[in-house]
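Residues per chain are reported as follows:
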Amino acid sequence: MSSSSTAGRLNLRVVQPPPDAAAASWAISRRLLKVSLWCTFTLGASFGAANLLTIHLALGPVPPAHNWVHASFQVVGFVLMFLVGVAYQVIPRSCGVPLAARGAARATLPLLLTGLLLRMYGQFGPLLPGTPAALLAGGASILAGIVAFAGVLLATWRTAPASKPRIGLAGVAAGTFWWLAAGVLLVVEGLRAVALRDADLGARYNEAFYAAALVGGAMSWIQGMFRRIGGATFGLRPSDAPLLTLALALWQIGTAAAVLGACLPPGPGGQRLFDTGLIVLAAAVAVFVRGARILSTAAEEAPAFHLAPAAVRRTVRLAFVAALLFAALAALYGASELTGRVPSRLIWDGARHALALGCITPLILGLGSFIVPRLAGTPLRRRRWRSTGLVLIGVGLAGRECELLASWLAWPPALWISGTSGLLAATGVVLAGGAILGVLRARPEPDGRQNAGDGQRQRGEGRHAGQKTSAEASGPALPAEPQV
Ligand code: HEM
């Protein structure tokens, strides 16, 4: 794939949506992105850091529900809402049509947020009244939000002309399917909680939900978007398309095995299926990294509009190094269980966070810092926040993985490092997320200009001196038709 063809693909504007339609859909995305960031700033990353400090430094007991709430805010709040916010911009632009089914698109955020808050209440378990019903209502509301999301994408896709772009479609479709499956699992959790009159018993399906959402939903979307955006955006050599297709196919098989295995009643059958799924997923990561040429020497690229800034390119590479760490730890965990050993849960925690914190989070915040300013037509001004934040997340992950040393070397002091690592990671999330929030806060002025001012826009990232965005070239700024 030549960089010129990638540049062509990156200019996702095929026809110009009417400015009012583009502005309306941007308002929907903007709210989703803002709420997503606040979810991770509060009960997502920050609460996780407090829990980690408490658990690893043995400062006191942490009820399992604290971890469940943290996970709900990260998975549904941060990851899903961010993905929906970006998808509502990227998919219509790549199809060259305005966002369809805007009523459903507007309803997505209230449905997801209400569901998340009800789920959080439900996760208090026996401490509060009515928690089983709240868990069920929360799951149903989140599922409704995901159905709305899938419906909007489908309706938008249907309105596109016959020459729709199909690159990356399989990953996007598979990812959306897995988010739907994750939503169904939340409803199943709620039904179980209501039937057994104990919200805590609903947690039985948590592991299956995390696998469907993070491994199936987020990672399939990431693979689809990688194919769509193209490695040249990240200064990579042309990718090997058949290997990427194989990786996606393996990824689906591994996810299906892991989700099904986690759903089956506790016992050797389900465990073996789950472990086999982990090993297939590990192979899929290795095939993807090879096919995407992520670790090969960077292609020589002159600064260009389509090329992500160096900090983002570095982040993308390191994110997939973290995915390889996930692969190694997941394979180790799966193989140990399959051969009759009892691996430490710390290995699974290390694998989970290598993927969630080391890969998915930097990809969201790094790519977000590149894409969101272009969608908003406002430059990223807090670039130092972004860069420092991404470094802190990386350092935080390295610290978190020290929990493995505590397990392997039976060296408890390593838990002092892993215990405090959450504070670094959460600070990194707040800084990198805060950089994006700064872009989202800049309101368009009535004449279509951003209040950031022209002078500041010239200094911002996402544009090089002398380059014009398509929006500028064709008149009013943003959000009519910025390039992605
Ligand atoms: C700021 C960085 C983070 C910190 C400090 C953190 C902390 C924690 C802690 C302390 C646990 C409980 C581990 C245990 O049971 O021993 C946990 C579990 C979990 N975390 Fe995180 N986490 C972070 C980022 C993330 C991200 C980005 C995601 C997803 C996108 C995530 C998803 C999960 C999930 C799914 C669980 C399992 C919850 C359960 O036990 O049911 N975490 N995390």
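Residues numbered from 1 in each chain as written. Predicted model: local features only at pLDDT ≥ 70, side-chain atom pairs only at ≥ 80, totals over all residues.

(A) Representation of the overall build of the chain. Counting secondary structure elements, the chain contains 16 helices and 0 strands. In the chain, buried positions account for 56% of the 484 residues. Counting contacts in the chain only where the partners sit at least 6 residues apart, residues at least 24 apart contribute 81% of the total. (Helix = DSSP H or I, 4+ residues; strand = E, 2+ residues; numbered from the N terminus. Buried ≥ 20, exposed ≤ 12 C-beta atoms within 10 Å, placed from the backbone. Contact = placed C-beta atoms within 7 Å.)

(B) Region of the structure containing helix 11 (residues 345-376). Roughly 40° is the biggest bend found in helix 11, and it falls at G368. Within helix 11, 30 of the 32 residues are buried, leaving the element largely enclosed by the surrounding structure. The first or second residue beyond helix 11 is G377, which carries a positive phi of 70°. (Bend = angle between axes of the 7 residues up to and from the residue.)

(C) Highlighting the nonpolar core. In terms of nonpolar packing, the biggest core is built from 163 residues, with L214 and F326 touching the most fellow members. Residue-level mapping places this core at the junction of two domains, with at least three residues from each of domain 1 (20-229) and domain 2 (306-312 + 327-446). Excluding anything up to four places from it in sequence, F326 contacts V285, A351, A354, L355 and C359. (Core = buried A, V, L, I, M, F, W, Y, C linked by C-beta atoms within 7 Å. Domains from an automatic or database assignment.)

(D) Seen up close, the site of the ligand. In the region of the ligand, 26 residues are neighbours, and A45, G48, A71, A356 and G422 sit closest. Elements with a minimum of two residues in the shell around the ligand: helix 2 (19-56), helix 3 (64-95), helix 7 (206-229), helix 11 and helix 14 (414-441). Within the shell around the ligand, the residues separate by chemical class into 15 nonpolar, 9 polar and 2 charged. When residues of the shell around the ligand are assigned to domains, at least three map to each of domain 1 (20-229) and domain 2 (306-312 + 327-446). (Near = placed C-beta within 6 Å. Nonpolar A, V, L, I, M, F, W, Y, C, P; charged D, E, K, R; others polar.)

(E) Spotlight on helix 9 (residues 268-291). Over its 24 residues, helix 9 extends 34 Å from the first C-alpha to the last, a length consistent with the 34 Å expected when each residue adds 1.5 Å. Remark: R293 follows helix 9 within two positions and exhibits a positive phi of approximately 55°. (Expected span 1.5 Å × (residues − 1).)

(F) How the structure looks around the confidence of the model for the chain. In this model, the chain carries a mean pLDDT of 88, and residues with pLDDT of at least 70 account for 86%. Predicted confidence is poor over residues 445-460, with pLDDT under 50, and the contacts of this stretch with residues over four places away or in other chains come to 27 contacts. (pLDDT = per-residue confidence, 0-100.)

(G) Examining unusual backbone geometry more closely. Not every positive phi belongs to a glycine, and R293 is a case in point at roughly 55°. Positionally, R293 belongs in the loop between helix 9 and helix 10 (310-338). Even without being glycine, A410 reaches a positive phi, approximately 50°. Relative to the assigned elements, A410 resides in the loop between helix 13 (403-408) and helix 14.

(H) Structural detail: the packing of helix 3 against helix 5 (residues 131-159). The contact between helix 3 and helix 5 brings their axes to 10 Å, and the two run at 15°. In terms of axis orientation, helix 3 runs roughly parallel to helix 5. Handedness of the crossing formed by helix 3 with helix 5: left-handed. Along its contact with helix 3, which presents V76, V84, A87, Y88, I91, P92 and C95, the element helix 5 presents I142, F149, V152, L153, T156 and W157. (Axes fitted to C-alpha atoms, helices over the stretch in contact; angles between N-to-C directions. Parallel < 35°, antiparallel > 145°, perpendicular 65-115°, else oblique. Left-handed = near helix turned anticlockwise from the far one by under 90°.)

(I) Region of the structure containing the packing of helix 10 against helix 12 (residues 383-400). Look at helix 10 against helix 12: their axes get within 11 Å of each other, and the N-to-C directions meet at 15°. What the angle tells us is that helix 10 and helix 12 run roughly parallel. Once helix 10 is placed against helix 12, the crossing between them reads as left-handed. Counting all contacts with helix 10, which are made through A311, T315, L318 and A322, the residues of helix 12 involved are R386, S387, L390, G394 and L397. Here the contact of helix 10 with helix 12 is built from residues that sort into 5 nonpolar, 3 polar and 1 charged.

(J) Summary view of the environment of L248. Relative to the helices and strands, L248 is located in helix 8 (residues 241-263). Every residue in contact with L248, bar those within four places of it in the chain, is listed here: A170, G171, A174 and Q223.

(K) Seen up close, the environment of T255. Counting through the fold element by element, T255 comes out in helix 8. Counting along the chain gives 19 residues from T255 to F274, while the straight-line C-alpha distance between them is 8.9 Å. Those residues within four positions of T255 in sequence are excluded, and the remaining contacts are W178, A211, V215, G216, G277 and L281.

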